[in-house]
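Descriptive analysis of the structure
Each chain, letter by letter, is given below.
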Amino acid sequence: MKQLLGVVSPGTRVLDAGCGPGRFAIAMLRAGAHVTLADISSTQLDITREKISEARLLDRVEGFHRINITNLTGFGEEFDIVVCYGGALSYVRDRHRAAITELVRVTKPGGSVIASVMSLYGMLKLIGILDVASFLVDMESHWELENIPNGTGYALTRSGSDEFHVPFALFSAKHLADTFEEAGCGVVTLASANPLSAGGMEMQRISANAGAASRLLDLELALCDRPEYVDSGEHLIIVAQKR
Ligand SMILES: C[S@@+](CC[C@H](N)C(=O)[O-])C[C@H]1O[C@@H](n2cnc3c(N)ncnc32)[C@H](O)[C@@H]1O
């Protein structure tokens, strides 16, 4: 978030695609950006409108749009920054190339796209921590496993799996970076969210100890964009600059 706000200055035009309840939008509006809010869910758009109104920041909002990130018809090459954080690119599954192409298309040359997706190898690592032999035995009914070992770079969870709330795609860092490159960007930063911590860790005990929590955070920040760690967290974060 700090890095994101570092590139926002008064008047910066931002598209928050898959904005959800607007946590990034509100921070960017406070920093002086002019923000367009976009989401596939009208409920999320209503919530974000309410929160932005409560924060008295509606005057810098350029619009609320119900959209699918795979089709941004109506927008031109107009935004300094396009944010797509929190998984919308994972939820469009094998339409993610189309979505990335659209996010890049509406970004001005030299502008940035900042996105996060679910991490393939980071999530696979959780299986050992969280579970349970039964998931491994029955894994084929939850994941399309065929893409995992062959290096395709992304894998899909199965529609109808009772293990995952909605079907989504998981990405390797290389596939994410390659797809942004193919769409006309240079990769500025590729990082992992929570490279060291993971579900199943003793997080409550760590959080209860201020020194331990701050040491863990320092280590996470220091290591998150190291190539050795990029694929190890549950989410991947990319900052890409349009050529
Ligand atoms: C986990 S929330 C993240 C919200 C926000 N960006 C954040 O990081 O706090 C994912 C959001 O993506 C939206 N979304 C999912 N698929 C989408 C799509 N195809 N097009 C646009 N938005 C989508 C959902 O409605 C939801 O609001």
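So, here's what we can say about the structure. (Residues numbered from 1 in each chain as written. Predicted model: local features only at pLDDT ≥ 70, side-chain atom pairs only at ≥ 80, totals over all residues. Heavy atoms only, no water.)

**Here's the deal with the pairing of strand E5 (residues 107-119)**
With 10 of 13 residues buried, E5 is to be regarded as a mostly interior element. As paired strands, E5 and strand E9 (residues 235-242) are joined by seven bridges and run antiparallel to one another. Considered in E9, the bridge of methionine 118 is made with histidine 235. Of the strand pairs in this sheet, E5 and strand E7 (residues 169-171) are connected by two bridges, and their pairing is parallel. Bridging across to E7, serine 119 finds its partner in phenylalanine 171. (Buried < 20%, exposed > 50% of the residue type's maximum accessible area, 1.4 Å probe, protein only. Helix = DSSP H or I, 4+ residues; strand = E, 2+ residues; numbered from the N terminus. Pairing = 2+ DSSP bridges.)

**As for the site of the ligand**
Contacts to the ligand come from 17 residues, most closely from Gly18, Arg23, Asp39, Asn68 and Tyr85. The side chain of asparagine 68 places a nitrogen or oxygen atom 3.0 Å from a nitrogen atom of the ligand. Burial of the ligand by the protein amounts to 83% of the accessible area it has alone, namely 600 Å². The set of elements that each furnish at least two residues to the shell around the ligand consists of helix H2 (23-30) and helix H4 (88-91). Within the shell around the ligand, the residues separate by chemical class into nine nonpolar, six polar and two charged. (Near = heavy atom within 4 Å. Polar contact = N/O pair within 3.5 Å; in protein donor to acceptor, adjacent residues only side chain to side chain. Areas by Shrake-Rupley, 256 points an atom, 1.4 Å probe, with all protein chains shown as cover. Nonpolar A, V, L, I, M, F, W, Y, C, P; charged D, E, K, R; others polar.)

**Considering the side chain of lysine 242**
Relative to the assigned elements, lysine 242 resides in strand E9. A distance of 3.0 Å separates a polar side-chain atom of lysine 242 from the backbone oxygen of valine 104. A polar contact of 3.3 Å, which involves the side chain of lysine 242, links it to the backbone oxygen of arginine 105.

**Quick notes on the pattern of salt bridges**
Taken as a whole, this structure holds 11 salt bridges when the rule is applied. Here lysine 242 makes a salt bridge to glutamate 77, at a shortest N to O gap of 2.8 Å. Of the two residues, lysine 242 sits in strand E9 while glutamate 77 sits in the loop between strand E3 (61-66) and strand E4 (79-84), which places them 165 residues apart along the sequence. Accessibility expressed as a relative area gives 11% for lysine 242, which makes it buried. Accessibility expressed as a relative area gives 47% for glutamate 77, which makes it partly exposed. Across the pair aspartate 80 and lysine 108 runs a salt bridge, and its minimum N-O distance is 3.0 Å. On the criterion of sequence distance, the pair formed by aspartate 80 in strand E4 and lysine 108 in strand E5 is long-range, its members being 28 residues apart. For aspartate 80, a relative accessible area of 24% corresponds to the partly exposed category. For lysine 108, a relative accessible area of 30% corresponds to the partly exposed category. Salt bridges linked by common partners bring Arg93, Glu140, Glu144 and Arg158 together as one network. (Salt bridge = Lys/Arg side-chain N within 4 Å of Asp/Glu carboxyl O.)

**Some details on unusual backbone geometry**
Negative phi characterises most residues that are not glycine, and trans characterises most peptide bonds. A positive phi is found at arginine 56, a non-glycine position, where the angle reads about 55°. Looking at the secondary structure, you find arginine 56 in the loop between helix H3 (42-54) and E3. For asparagine 194, which is not glycine, the phi dihedral falls at a positive 50°. Along the chain, asparagine 194 falls in the loop between strand E8 (185-193) and helix H9 (203-207). You can call asparagine 194 partly exposed: its relative accessible area is 23%.

**A closer look at the nonpolar core**
Core analysis: the biggest nonpolar cluster contains 35 residues, and Leu15, Ile69, Cys84, Leu89, Leu103, Leu176 and Phe180 have the highest contact counts within it. Counting 21 residues, the second-largest nonpolar core is a separate cluster that includes Cys19, Leu29, Leu45 and Val61. (Core = buried A, V, L, I, M, F, W, Y, C linked by side-chain atoms within 4.5 Å.)

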